[in-house]
Amino acid sequence: MLPQTLQRGDYWVLKNFVRADHGFIMCHESITYTTHAGFEFLDNVQPLVERWMAPVSLAIHAPGTDMAPTVNSIRYLRDCLGNELIKQFVTFHVFFSHKNVPTSIPNPETFLQIPYNCSAKPPYNVNASSTYMKAKNLLYPVNVARNIAREAAVTHYILPSDIELYPSPNLVPRFLNMIARNAKPLSTSTKPRVFPISIFEVGEKVQVPSTKTELRAMLANKTAIPFHKFVCPNCHNIPEGQKWMNTPETNRMDVFHVGKRRGKFVHWEPIFIGTHQDPYYDERLSWEGKKDKMTQGYILCVKDYDFMILNNAFLIHKPGIKHYVKNPKRDAIAGRQSLLIKSIIMPQLKALFGARSGCAL
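Read on for a plain summary of the structure. If you're wondering where the values come from, they're calculated on a predicted model, not measured in any experiment.

## Let's talk about the overall build of the protein chain
Piece 1. Helix and strand counts for the protein chain stand at eleven helices and 14 strands.
Piece 2. Relative to a compact globule of 361 residues, whose C-alpha radius of gyration would be 21 Å, the protein chain shows 20 Å and is just as compact.
Piece 3. Projected onto its principal axes, the C-alpha coordinates of the protein chain cover approximately 50 × 45 × 40 Å.
Piece 4. Per-residue burial for the protein chain yields a buried fraction of 52% across its 361 residues.
Piece 5. Residue pairs in contact within the protein chain that sit at least 24 positions apart in sequence constitute 83% of those at least 6 positions apart.
Piece 6. Accessible surface computed for the protein chain: about 16,500 Å², of which carbon and sulfur atoms make up 54%.

Here is the structure:
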C-alpha cells in the first residue's frame with residue numbers, strides 16, 4: 001500500500017495518499033468497502049466505518065481549490081471524532097483532472113504530524129454549491145472514482161458501493177464464514193458469481209436498523225422502503241425482493257436466491273460483493289449522465305454471472321427518503337450520455353464481450 005502519484009487517462013491520482021493504520025492484511029482475511037466522494041460527502045465516513053469495521057478504500061475527487069478542504073476533512077475525520085476507527089480502517093486516495101490541478105498539494109508526511117484544530121466546524125459541512133467542482137460546472141467522474149478505489153483494495157473480496165450506503169453490521173465475518181463453509185449453491189455453481197446486497201431507504205428522523213429483524217419491522221410500519229422506490233423502482237428491483245423482505249432473519253449468512261440480470265431485471269443495477277476479476281466501470285460515464293453502472297451490468301449478464309443474493313445482509317441509504325425531482329439541466333446531460341452509450345459504447349461492448357439473448361443495457 002505504498003503512496004504513488006499516477007496518471008489515469010485525463011486524471012492525476014494520488015493513490016494511498018493517507019493510509020489506514022491496519023498494516024499488512026492477507027487477501028483472504030477481510031473484505032474492502034471501496035467507495036468515492038467529493039469532500040462535501042465525508043460526513044458519511046464515520047457511520048459507514050462504525051458498521052463495516054473492516055478496510056475502506058475511499059477515492060476523493062478534489063479538483064482545484066477543493067484540495068484544501070479535502071485535506072482538512074481527512075485530518076478532521078482522523079483527529080476529531082473521538083475514536084480510532086477511521087485511522088485504523090480508511091485509506092484515502094485523491095484525484096483530479098489534468099485541467100484542474102490544485103496550485104498546492106499538501107504533503108501527508110507533514111500535515112499528519114500536526115493535530116487538527118477540533119474546535120472548528122467539520123470542513124465537510126458545507127453547501128455543495130460552494131465547491132470548486134460546482135463553481136466550474138464540472139461533471140462528477142463517478143466511474144473513475146469507483147475504479148481508483150477498487151484497484152487500490154488489497155483484499156480478494158471487495159464491496160464497491162456508494163458512500164451514503166451504510167452496511168448491516170457484522171457483514172464481513174458472516175460473509176467470510178459463509179465462503180469458508182462453501183455449502184450449496186456455492187459449492188455446486190460453475191458460473192462466475194457476485195453477491196448482491198438488498199438496499200433500503202429510511203426516514204430522516206429514524207435510527208438506521210442494525211438487523212434484518214429491525215429492518216422488517218420498519219418496512220412494516222413504512223419508516224423504511226425499498227431503495228429508490230420513488231425515483232427508479234426498476235433500477236434496484238431485486239429478484240425475489242418481496243420474498244426476501246417476508247423471510248425472517250437467521251443466525252448466519254447464506255445465499256437466499258440465485259438470480260440473473262434478465263427478464264424484468266434486465267435494467268437492474270445491483271451493488272454486490274465481488275472480486276478484482278469482475279468487470280470495471282466505464283470511465284467515460286459521469287454521475288450526472290445517469291446509467292453509470294449499466295455497462296458493467298450488461299457485461300455481467302453476457303458473461304452469465306450468477307447473482308447470489310445474501311439472506312441477512314443489507315445496505316441502508318443515509319437517512320432521508322428520496323423523491324424524483326425534475327432537473328432539466330441533468331436531463332440534458334443524461335440524454336447525451338444515453339446517446340453515447342447507445343451509439344458508441346454498446347457496439348464496443350458487443351465487439352469485446354459478444355451478446356446473449358435477454359441481455360440489454
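Now, onward.
## Description of the state of the cysteines
Piece 1. Throughout the structure, instances matching the rule amount to two disulfides.
Piece 2. Paired by a disulfide, C80 and C118 hold their sulfur atoms 2.0 Å apart. Judged by the sign of its S-S torsion, about -80°, the cystine formed by C80 and C118 is left-handed. Here C80 is found in the loop between α2 (67-79) and α3 (85-89), whereas its partner C118 is found in the loop between α4 (108-111) and α5 (132-135), with 38 residues between them in sequence.

## Quick notes on the packing of helix α10 (residues 294-302) against helix α11 (residues 328-353)
Piece 1. Contact geometry of α10 with α11 gives a least axis separation of 11 Å together with a crossing angle of 30°. Judged by the angle between their axes, α10 and α11 are roughly parallel. Helix-helix and strand crossings are classified by hand; for α10 and α11 the assignment is right-handed. Counting all contacts with α10, which are made through T295, Y298, I299 and V302, the residues of α11 involved are I345, M346, L349, K350 and F353.
Piece 2. A breakdown of the residues in the contact of α10 with α11 according to their chemical character gives seven nonpolar, one polar and one charged.

## Section: the pairing of strand β5 (residues 90-97)
Piece 1. With eight of its eight residues buried, β5 lies for the most part within the structure.
Piece 2. What you see with β5 is no split at all: V90, F92, V94 and F96 on one side and T91, H93, F95 and S97 on the other are buried throughout.
Piece 3. Here strand β2 (residues 11-18) runs beside β5; their pairing, made up of five bridges, is antiparallel. Its bridge partner being in β5, W12 is matched across the sheet by F96.
Piece 4. Here strand β4 (residues 56-61) pairs with β5 via six bridges, running parallel.

## Details of the nonpolar core
Piece 1. Among the nonpolar cores identified, the biggest contains 77 residues, and L42, W52, L58, F175, F195 and I273 are the most heavily contacted of them.
Piece 2. Broken down by element, the residue count for this core peaks at six residues, all from helix α7 (residues 171-181).
Piece 3. Residue contributions to this core reach at least three from each of two domains, namely domain 1 (4-147) and domain 2 (169-353).
Piece 4. Residues contacting F195, with those up to four places away along its chain left out, are Y157, F175, M178, I179, L186, V255, I271, F272, I273, M308 and L310.

## Comments concerning unusual backbone geometry
Piece 1. Geometrically, the link from K184 to P185 is a cis peptide bond, its omega value of 0° lying close to zero.
Piece 2. Residue position: P185 is located in the loop between α7 and β8 (193-196).
Piece 3. Although it is not a glycine, N16 sits at a positive phi angle of roughly 55°.
Piece 4. Structurally, the position occupied by N16 is in strand β2.
Piece 5. Judged by its relative accessible area of 2%, N16 falls in the buried class.
Piece 6. Residues other than glycine seldom take positive phi values, yet D304 does so here, at roughly 60°.
Piece 7. For D304, the location among the structural elements is in the loop between α10 and β13 (306-310).
Piece 8. Overall, D304 belongs to the buried group, its relative accessible area being 12%.

## Observations concerning the pattern of salt bridges
Piece 1. Scanning the model with the defined rule gives 15 salt bridges in all.
Piece 2. Of the charged contacts in the structure, one is a salt bridge between D43 and K318, with a shortest N-O distance of 2.8 Å. Of this pair, D43 sits in the loop between β3 (31-38) and α1 (45-52) while K318 sits in the loop between β14 (314-317) and α11, and the two are 275 residues apart along the sequence.
Piece 3. With a relative accessible area of 27%, D43 lands in the partly exposed category.
Piece 4. Taking relative accessible area as the criterion, K318 reaches 27% and is therefore assigned partly exposed.
Piece 5. The closest approach of N and O atoms between D254 and R252, which form a salt bridge, is 3.2 Å.

What counts as what
Residues numbered from 1 in each chain as written. Predicted model: local features only at pLDDT ≥ 70, side-chain atom pairs only at ≥ 80, totals over all residues. Heavy atoms only, no water. Helix = DSSP H or I, 4+ residues; strand = E, 2+ residues; numbered from the N terminus. Rg over C-alpha atoms; globule rule 2.2 N^0.38 Å. Buried < 20%, exposed > 50% of the residue type's maximum accessible area, 1.4 Å probe, protein only. Contact = heavy atoms within 4.5 Å. Areas by Shrake-Rupley, 256 points an atom, 1.4 Å probe, with all protein chains shown as cover. Disulfide = S-S within 2.5 Å. Axes fitted to C-alpha atoms, helices over the stretch in contact; angles between N-to-C directions. Parallel < 35°, antiparallel > 145°, perpendicular 65-115°, else oblique. Left-handed = near helix turned anticlockwise from the far one by under 90°. Nonpolar A, V, L, I, M, F, W, Y, C, P; charged D, E, K, R; others polar. Pairing = 2+ DSSP bridges. Core = buried A, V, L, I, M, F, W, Y, C linked by side-chain atoms within 4.5 Å. Domains from an automatic or database assignment. Salt bridge = Lys/Arg side-chain N within 4 Å of Asp/Glu carboxyl O.

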